[in-house]
Amino acid sequence: KKTLLEREHIQSTGLGKGIAIPHAPSDAVDSIFLVIGVCPKGVDFHSYDCKPCYVAFMIGSPIDDNREYLGVLAEISRIFRNIGVVDSLIEKTSPEEICQELKKRYIEFNSEANR
């Protein structure tokens, strides 16, 4: 938690368009982790566009595992290039539905990228 907060002090990870990806490698973490938060009402994440954040992905990883960490960060960023992803996640009412929607979007994105 401390490392993530320190990272946010340097520069907000609120990307705009309703998305934030707080992330930081830390020596307090043994393996990479991902936490997804969806807030239909939105929260102030000091995003670049000064608009609320509705979907946040928190990523943590060991300091010596930058390859996987950067890969996860890149994949999340790619998925959210598609219009409507944030809205589709806000509409979901359970963690299972959110995970299913993300999986669907991930598969769609990779299918389009491979054409």
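Refer to the structure printed above.
The structure presented is a predicted model; accordingly, all values stated were derived computationally and were not measured.

(A) Quick peek at the nonpolar core. Counting residues in hydrophobic clusters, the biggest one holds 15 residues, and the most contacted among them are I21, F57, F80 and L89. Among the secondary structure elements, those contributing two or more residues to this core are β5 (53-61), α2 (66-79), α3 (85-90) and α4 (95-113). Among the elements that line this core, the one with the most residues is α2, at four residues. With residues near it in sequence (within four places) discarded, I21 still touches T13, L15, F57, I59, L73, I76 and S77.

(B) Spotlight on the side chain of S47. For S47, the position within the fold is in the loop between β4 (33-43) and β5. Setting aside chain neighbours within four positions, we find S47 in contact with S12, G14, L15, G16 and I19.

(C) Representation of the pattern of salt bridges in the model. Throughout the structure, instances matching the rule amount to five salt bridges. Where K92 meets E101, a salt bridge forms, and the shortest distance between an N and an O atom there is 3.7 Å. Judged by its relative accessible area of 27%, K92 falls in the partly exposed class. The salt bridge partner of E101 is K104, with a shortest N-O separation of 3.8 Å. A residue pair is termed a helical-turn pair when its members lie 3 or 4 positions apart in one helix, as E101 and K104 do in helix α4 at three residues. E101 sits in the buried class, given a relative accessible area of 8%.

(D) Local environment of unusual backbone geometry. A positive phi angle is found at H46, which is not glycine, with a value near 55°. With respect to the helices, strands and loops of the structure, H46 is situated in the loop between β4 and β5. In this structure H46 comes out as exposed when scored by relative accessible area, which is 60%. Although it is not a glycine, C50 sits at a positive phi angle of roughly 60°. Summarising the element assignment, C50 is placed in the loop between β4 and β5. Since its relative accessible area comes to 72%, C50 is described here as exposed.

Reading guide: rules and limits
- Residues numbered from 1 in each chain as written.
- Predicted model: local features only at pLDDT ≥ 70, side-chain atom pairs only at ≥ 80, totals over all residues.
- Heavy atoms only, no water.
- Core = buried A, V, L, I, M, F, W, Y, C linked by side-chain atoms within 4.5 Å.
- Buried < 20%, exposed > 50% of the residue type's maximum accessible area, 1.4 Å probe, protein only.
- Helix = DSSP H or I, 4+ residues; strand = E, 2+ residues; numbered from the N terminus.
- Contact = heavy atoms within 4.5 Å.
- Salt bridge = Lys/Arg side-chain N within 4 Å of Asp/Glu carboxyl O.

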